[in-house]
Amino acid sequence: MTTAATRLKDKVCVITGGASGIGLASAKRLAEEGAKVVIADLDEARGQEVAEELGGLFVRVNVADEEDVKNLFDTTVEHYGRVDVAFNNAGINPTEDNSILTTDLAAWQKVQTVNLTSVFLCCKYALTHMVRQRSGSVINTASFVALMGAATSQISYSASKGGVLSMSRELGVQFAKDGIRVNALCPGPVNTPLLQELFAADPVQAQRRLVHVPSGRFGEPEEIAAAVAFLASDDSTFVNASTFTVDGGITSAYVTAE
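Residues numbered from 1 in each chain as written. Predicted model: local features only at pLDDT ≥ 70, side-chain atom pairs only at ≥ 80, totals over all residues. Heavy atoms only, no water.

You'll find the chain entered in an unreviewed UniProt entry as Short chain dehydrogenase, with Brevibacterium casei S18 given as the organism. What UniProt states about the chain under its Sequence similarities (unreviewed entry) heading is, verbatim, "Belongs to the short-chain dehydrogenases/reductases (SDR) family." (UniProt positions renumbered as here; feature names shortened; annotations may be inferred.)

Here we come to the nonpolar core. Within the largest apolar cluster, 33 residues are counted, with the highest numbers of intra-cluster contacts made by Val 38, Val 69, Leu 72, Phe 73, Leu 127, Met 130 and Leu 171. Once residues lying within four places of it in the same chain are set aside, the contact partners of Phe 73 are Val 14, Val 83, Ala 86, Asn 88, Cys 122, Tyr 125, Ala 126 and His 129. One finds Ile 22, Leu 24, Leu 185 and Leu 231 within the second-largest nonpolar core, a separate group that totals 24 residues. (Core = buried A, V, L, I, M, F, W, Y, C linked by side-chain atoms within 4.5 Å. Buried < 20%, exposed > 50% of the residue type's maximum accessible area, 1.4 Å probe, protein only. Contact = heavy atoms within 4.5 Å.)

Let's shift gears to the packing of helix H1 (residues 21-32) against helix H8 (residues 221-232). Two elements in contact, H1 and H8, have axes whose closest approach is 8 Å; the angle formed by their N-to-C orientations is 55°. Classified by the angle between their axes, H1 and H8 sit oblique to one another. Every pair of crossing elements has a handedness; the one defined by H1 and H8 is right-handed. For the pair formed by H1 and H8, the contact residues are Gly 21, Ile 22, Ala 25, Ser 26, Arg 29 and Leu 30 on the first element and Pro 221, Glu 222, Ile 224, Ala 225, Ala 226, Val 228, Ala 229 and Ala 232 on the second. (Axes fitted to C-alpha atoms, helices over the stretch in contact; angles between N-to-C directions. Helix = DSSP H or I, 4+ residues; strand = E, 2+ residues; numbered from the N terminus. Parallel < 35°, antiparallel > 145°, perpendicular 65-115°, else oblique. Left-handed = near helix turned anticlockwise from the far one by under 90°.)

On to the pattern of salt bridges, then. A complete count under the given rule lists eleven salt bridges for this structure. For Glu 33, the salt bridge identified is with Arg 7, shortest N-O distance 2.7 Å. Here Glu 33, found in the loop between H1 and strand S2 (36-41), pairs with Arg 7, found in the segment before strand S1 (12-16); they are 26 residues apart in sequence, far enough to count as distant. Under the relative-accessibility criterion, Glu 33 is labelled buried at 2%. Glu 44 is the partner of Arg 60 in a salt bridge, and the nearest nitrogen-oxygen pair spans 3.2 Å. (Salt bridge = Lys/Arg side-chain N within 4 Å of Asp/Glu carboxyl O.)

Our focus in this paragraph is the packing of aromatic side chains. Taken as a whole and judged by the stated rule, the model has one aromatic pair. Its end group placed over the ring of Tyr 125, Lys 124 keeps NZ or CZ at 6.0 Å from the ring centre. (Phe/Tyr/Trp six-rings, centres within 6.5 Å; stacked < 30°, edge-to-face > 60°. Lys NZ or Arg CZ within 6 Å of the ring centre and 35° of its normal.)

Strand order in the open sheet formed by seven strands is S3-S2-S1-S4-S5-S6-S7, and the pairing between neighbours is parallel. Here the strands that pair on one side only, and so sit at the sheet edges, are strand S3 (57-60) and strand S7 (243-246). Strand-to-strand twist across the sheet, computed as the mean angle between neighbouring axes with direction ignored, equals 20°. As paired elements, S2 and S3 share four bridges and run parallel to each other. Looking across to S3, one finds that Asp 41 is bridged to Arg 60. Seen against the sheet, helix H4 (residues 105-133) touches S1, strand S4 (85-88), strand S5 (136-141) and strand S6 (180-187) and runs at an angle of roughly 175° to S5. (Pairing = 2+ DSSP bridges.)

The two faces of a sheet get side chains in turn, since along a regular strand they alternate between them. Burial analysis of S6 places eight of its eight residues in the buried class, the great majority of the element. Because side chains alternate across S6, one face comprises the buried residues Ile 180, Val 182, Ala 184 and Cys 186, and the other comprises Arg 181, Asn 183, Leu 185 and Pro 187, equally buried. Taken together, the six bridges between S5 and S6 define a ladder with parallel strand orientation. Along S6, the bridge assignment pairs Asn 140 with Ala 184. Crossover connection from S5 via helix H5 (residues 155-175) to parallel S6: handedness right-handed. Where S6 meets S7, four bridges bridge the pair, whose relative direction is parallel. Within the sheet, the bridge partner assigned to Cys 186 lies in S7 and is Thr 245. (Right-handed = clockwise from strand over helix to strand, strands pointing away.)

Below you can see the structure in the form of structure tokens.
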């Protein structure tokens with residue numbers, strides 16, 4: 001019988017943004033379940049520390065740079081011989097991304113590049129190896145705002161996450177016969193450094209988000225990590241091209257914009 005400690009035994013899992021937030025919590029959870037984790041992040045000091053703590057590998061990567069991303073997956077395969085899971089999680093949510101009336105083109109393009117183009121690149125180079133293996137699980141971090149209008153406008157972020165969701169569906173369908181699953185993970189608001197920055201910068205905006213969550217609280221990174229572990233494991237072998245929502249019920253709640 002597979003236990004929680006062995007469910008991911010020897011699976012090689014690449015996690016972008018693995019040095020903090022949801023990525024860090026997921027790296028810890030996957031390692032606890034027996035996975036060999038590859039921490040991919042810009043933060044060299046913290047990334048290396050996490051990798052050493054979990055007995056894994058650190059690769060510095062700018063997810064918006066094609067050569068960096070290609071190197072990430074090539075290095076993983078050179079080191080471990082394969083890549084079983086790609087958790088494409090890195091992203092940004094800057095305060096300058098706001099209403100369409102005030103967000104300038106540079107802010108729009110920056111978010112699109114880091115949140116959407118990076119997922120395209122990570123999928124491209126992860127799938128290159130997974131197709132040869134004829135197996136793999138790709139998990140792309142989208143968001144609940146890909147499913148509903150945000151209470152506070154963040155136009156490029158919302159659009160980028162909608163793109164991640166649509167791309168994940170298409171890839172899941174395209175590569176299913178190669179033994180590969182691609183799913184979009186849609187978290188609700190989660191208590192991460194990104195959200196804590198929002199609280200500090202604009203407490204009113206943060207409270208407007210919280211009031212819409214039926215459970216009355218933001219999610220914790222460990223709760224999202226549990227979903228990642230499920231999608232990474234063979235417990236989810238028939239879950240593909242799905243919108244996997246972990247949001248405390250927010251997308252089912254009836255709300256009105258203020």
